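Read off the chains here:
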Amino acid sequence: MENSLFSKPRDLFLDIVNPRDYVQIDSVSYMYQNLKTSVQKPLKMILLYGKPGTGKSMLLHKLHHDLSKHQKVFMIDIPIIDEGDFLRVLAQKIYSYVNREAITLTDFLELASAVNYTQTPIVLLDEAQLYTPILMEKIRLISDARALKFVIALHKTENEDIIAKEHFQTRIWESIELKNASPEELKVYIQKKLLKANCFDVASMFNDKNIHLISKLTRGNYRDANKLMFSLFTLYAWYEENYPTKIKHNALKTKWIEMAAIHTGLIRA
Amino acid sequence: MLDIHSLEQRWLKYKIKRSLPYLLILLGTTIVVIAFDHFLYSDKVSTPLTVKKEISSVKKQPKASVHDEAMVLEPSMQFIQSITVATPDITVPDVTAPATPIPVIPKKALPVQKQISSPLPIIKNVQNTPPAPPMPKLILSNPGNKTTSIKRDSATFNIHEIEERFTSNSNPHLGLYIARYHYDNGNYSEAYNYALKTNAINNTIDESWLIFTKSLIKLGRTEQAKKTLQLYISQSNSEEAKNLLNGLRKEGEK
């Protein structure tokens, strides 16, 4: 099964955020360039928001990957909820200050003023909606002191307008919203990913009908699309091993796409 | 590892569940269309089903055999029986007759029954006469009986009734009829009176003047009859009146 035609495409869609798997799509590339430009500006905070699965984490990882070559960048992809730990980790990663005990905000600001960087260090915070308002207030104070520059990625929820929150409203100088992928963007995303890994035969199996069905099932969510593709190619690998005559190489079977969607929970059956 | 068989069953359930509303809508629409079609055409014309039933019922009738084709149809004469045949005039003996023994009468002593009780009035076919009154009904006895007796039904013809009608409505045709009736029956004075009344109502009826003058002649008043005729001829130029006047003059010359 590991030598299957579909095993390699299956592994491409594992739900792992890797900047090397970044796929250039027109709208995402545009957003990324905006983000890079904003980072170069003397901004205190940059907000990156959008619905789940719109590629915020990927952009942050890509940005971290690209900026880390030139300046001090630290990314916290798993939120550190405790205030003392948060400041201690920042002091350690940014200023190389090692201390087993938690430090206060005053201590952290004194440390920041003592260390002089030519470019303000950048901190990338993923899943920032999980931080408490108190910690967000501390982050605001740090950015106000220009000790650090924050790029904050968080989910945009329907019930809560995060931009209206007090600690973001007056200080965010740049906000970038990411949108769900259109069917065309999803097609480019899947095919580029497959072609990048030289899976030409599999990439040619996708027709417009398949793409529209996948887009309808995933609603343009990249993460769901990855999960669906992973299940679909697992399914194809099984049929290739057990019933190879059932596979048609000119198009994907709608039935198998729906079965993969049932398996991933996109369809409630 | 995927459980493909379980996944296929779940997919099948999902497809059925997803198709069910469409099937129900299709079924409902079909029922509505059929019901609408049924109610739409049932009020106007007979439905095709009815026509088919009629056709099939016609088809189910047995075909005429050769024997049936050779059968000659004849008109039913039963309607003759429906015609009212006058029951024979049989005199039912009075059951409540006195218990006294009936004396035996020898056959020779029986009087011969008169077949015609009275002569029928002869009515001439004259122009400008009223439609004939209902004639006395002739009651035929049993056709099998050789001795046919004709009796006059006096109840249906009564000259007095006609006279009363003439008195009430003064119809000149009735007056003429009554005058003719009396003249034919030899009752010349009555014929004179009714002819005179008729002429007073309508003086253009030729026959009424003729009956009037003939009645005068029969009553022996020939001169008055001549004068009346001359007066009438001068006004109407009636040929019959002229012939009658000429006849009177010739008889007078003889």
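Not measured: the values here are computed from a predicted model.

Participant: Let's hear about the overall build of chain B: which residues, and what values?
Facilitator: Scanning chain B from terminus to terminus reveals 10 helices and zero strands. Scanning chain B from its N terminus toward the C terminus, one meets helices and strands in the order α-α-α-α-α-α-α-α-α-α. Taking all 254 residues of chain B together, 13% fall into the buried category. Counted over contacts in chain B with a minimum sequence separation of 6, partners at least 24 positions apart contribute 45%.

Participant: Quick rundown of the overall build of chain A? Include the residues and the values.
Facilitator: Looking only at helices and strands, one finds 12 helices and five strands in chain A. In chain A, which comprises 269 residues, the share counted as buried stands at 36%. Intrachain contacts of chain A at a sequence separation of at least 6 include 77% that bridge at least 24 residues.

Participant: Mind laying out the interface of chain A and chain B, listing which residues take part and the relevant values?
Facilitator: Taken together, the contact between chain A and chain B spans 10 residues of the former and eight residues of the latter. Elements that contribute at least two residues to the side of chain A that touches chain B include exactly α11 (222–242) and α12 (254–264) of chain A. For the side of chain A that touches chain B, a count of residues per class yields six nonpolar, two polar and two charged.

Participant: An account of the pairing of strand β3 (residues 122–125) of chain A is requested, with residue identities and associated values reported.
Facilitator: Residues and elements named next belong to chain A. What you see with β3 is no split at all: Ile122 and Leu124 on one side and Val123 and Leu125 on the other are buried throughout. Sheet topology note: the strand β2 (residues 73–76)/β3 ladder contains four bridges and is parallel. Following the sheet pairing, isoleucine 76 is matched in β3 by leucine 125. Here β3 runs beside strand β4 (residues 149–155); their pairing, made up of four bridges, is parallel. When the sheet's bridge partners are listed, valine 123 is paired in β4 with phenylalanine 150.

Participant: Outline the confidence of the model for chain B, supporting the account with residue identities and numerical values.
Facilitator: Residue and element names in this part refer to chain B. With 54% of its residues at a pLDDT of 70 or more, chain B shows a mean pLDDT of 71. Counting contacts from residues 85–100, a segment whose pLDDT is below 50, to residues more than four positions away or on other chains yields seven contacts. The model gives residues 103–127 a pLDDT under 50, and that stretch makes 13 contacts with residues more than four places away or in other chains. Interface predicted TM-score (ipTM) for the complex: 0.77; the corresponding pTM is 0.55.

Participant: Which residues make up unusual backbone geometry, and what values go with them?
Facilitator: Residues and elements named next belong to chain A. Here the phi dihedral of glutamate 127 falls at roughly 55 degrees; this positive angle occurs in a residue that is not glycine. Tracing the backbone shows glutamate 127 in the loop between β3 and α6 (133–144). Positive phi values are uncommon outside glycine, yet arginine 219 reaches one of about 55 degrees. Within the secondary structure layout, arginine 219 lies in the loop between α10 (208–218) and α11. Note on arginine 219: 13 C-beta atoms within 10 Å, which makes it partly exposed.

Participant: Describe helix α7 (residues 188–201) of chain B, with residues and values.
Facilitator: Residue and element names in this part refer to chain B. A rise of 1.5 Å per residue sets the reference length of α7, with its 14 residues, at 20 Å; its end C-alpha atoms lie 20 Å apart and thus fit the reference within 8%. When α7 is considered as a whole, its buried residues turn out to be Ala191, Tyr192, Tyr194, Ala195, Thr198 and Asn199. Summarising the contacts, the buried residues of α7 are in contact with α6 (172–184) and α8 (206–218).

Participant: Before we move on, can you summarise the pairing of β4(A) with the specific residues and values?
Facilitator: All names here are of chain A. Among the seven residues in β4, five count as buried, and that is most of the element. Strand direction decides the pairing type here: strand β1 (residues 45–50) and β4, joined by six bridges, are parallel. Note that in β4 the partner of leucine 48 across the bridge is alanine 153. Note that the unit made of β3, α6 and β4 has a crossover that is right-handed.

Participant: Describe in detail the nonpolar core, supporting the description with residues and values.
Facilitator: The biggest cluster of nonpolar side chains holds 70 residues, and the ones touching the most others in it are A:Leu48, A:Leu124, A:Val151, A:Ile152 and A:Leu232. Per-element tally for this core: the top contributor is α11(A), with 10 residues. Contacts of A:Leu124, omitting those with residues within four sequence positions, involve A:Leu60, A:Leu63, A:His64, A:Val73, A:Met75, A:Ile76 and A:Val151. Counting residues in hydrophobic clusters, the runner-up holds 23 residues, among them B:Leu174, B:Tyr177, B:Ile178 and B:Leu245.

Participant: I'd like a rundown of the packing of α6(B) against α7(B), residues and numbers included.
Facilitator: Residues and elements named next belong to chain B. Running from N to C, α6 and α7 cross one another at 160 degrees; their axes reach a closest spacing of 8 Å. Overall, the two elements α6 and α7 adopt an arrangement that is roughly antiparallel. Considering only the axes of α6 and α7, their crossing is left-handed. Of the residues in α7, those in contact with Pro172, Gly175, Leu176, Ile178, Ala179, His182 and Tyr183 of α6 are Tyr188, Glu190, Ala191, Tyr194, Ala195, Lys197, Thr198 and Ile201. Counted by class, the contact of α6 with α7 contains 10 nonpolar, three polar and two charged residues.

Participant: Mind laying out the environment of B:Tyr14, listing which residues take part and the relevant values?
Facilitator: Along the chain, the position of B:Tyr14 falls in helix α1 (residues 4–42). Look past the residues within four positions of B:Tyr14 in its chain and what remains in contact with it is A:Glu258, A:Ile262, A:Ile267 and A:Ala269.

Participant: I'd like a description of the environment of B:Ala191, backed by residues and values.
Facilitator: Tracing the backbone shows B:Ala191 in helix α7. Remark: the alpha-carbon pair of B:Ala191 and B:Ser208, spanning 17 residues in sequence, is separated by 9.5 Å.

Participant: Provide a residue-level description of the packing of helix α9 (residues 222–236) of chain B against helix α10 (residues 239–253) of chain B, including the pertinent values.
Facilitator: What describes two packed helices is the angle between their axes and the distance between those same axes. Residue and element names in this part refer to chain B. Look at α9 against α10: their axes get within 9 Å of each other, and the N-to-C directions meet at 150 degrees. Regarding the angle of α9 to α10, the classification is roughly antiparallel. Every pair of crossing elements has a handedness; the one defined by α9 and α10 is left-handed. Only Ala241, Lys242, Leu244, Leu245 and Leu248 of α10 make contact with α9, whose side of the interface consists of Thr222, Ala225, Lys226, Leu229, Gln230, Tyr232, Ile233 and Ser236.

Definitions and limits used
Here the residue numbers are simple positions, counted from 1 along each chain's written sequence. Whichever chain is written first becomes A and whichever ligand is written first becomes 1, with later ones labelled in order. This being a predicted model, a pLDDT of at least 70 is required before a residue's local features are given, and a value of 80 or more before pairs of side-chain atoms are given or counted; all residues contribute to the totals for chains, interfaces and linings. Working definition: helices are DSSP H or I runs of at least four residues, strands are E runs of at least two. Numbering for both runs from the N terminus. Neighbour density around each residue's C-beta defines its exposure: 20 or more other C-beta atoms within 10 Å make it buried, 12 or fewer make it exposed, and counts between make it partly exposed, where C-beta atoms are placed from the backbone. The contact criterion used is a C-beta to C-beta distance within 7 Å, with each C-beta placed from the backbone. Just so you know the grouping, Ala, Val, Leu, Ile, Met, Phe, Trp, Tyr, Cys and Pro go in nonpolar, Asp, Glu, Lys and Arg go in charged, and all remaining residues, Gly too, go in polar. For two strands to be treated as a pair, DSSP must find at least two bridges joining them. Think of pLDDT as the predictor's per-residue confidence, scored from 0 to 100. Each helix should span, by expectation, one fewer than its residue count multiplied by 1.5 Å. With strands facing away from the observer, any crossover in which the path from the first strand over the helix to the second runs clockwise is taken as right-handed. Joined through C-beta atoms within 7 Å, a set of buried Ala, Val, Leu, Ile, Met, Phe, Trp, Tyr and Cys residues constitutes a nonpolar core. To get an axis, a line is fitted to the C-alpha atoms, and for a helix only the part in contact is used. The angle between two axes follows their N-to-C directions and goes from 0 to 180 degrees. Note that the term roughly parallel is reserved for angles under 35 degrees, roughly antiparallel for angles over 145, roughly perpendicular for angles of 65 to 115, and oblique for everything else. By definition, turning the near helix anticlockwise from the far helix through less than a right angle yields a left-handed crossing, and turning it clockwise yields a right-handed one.

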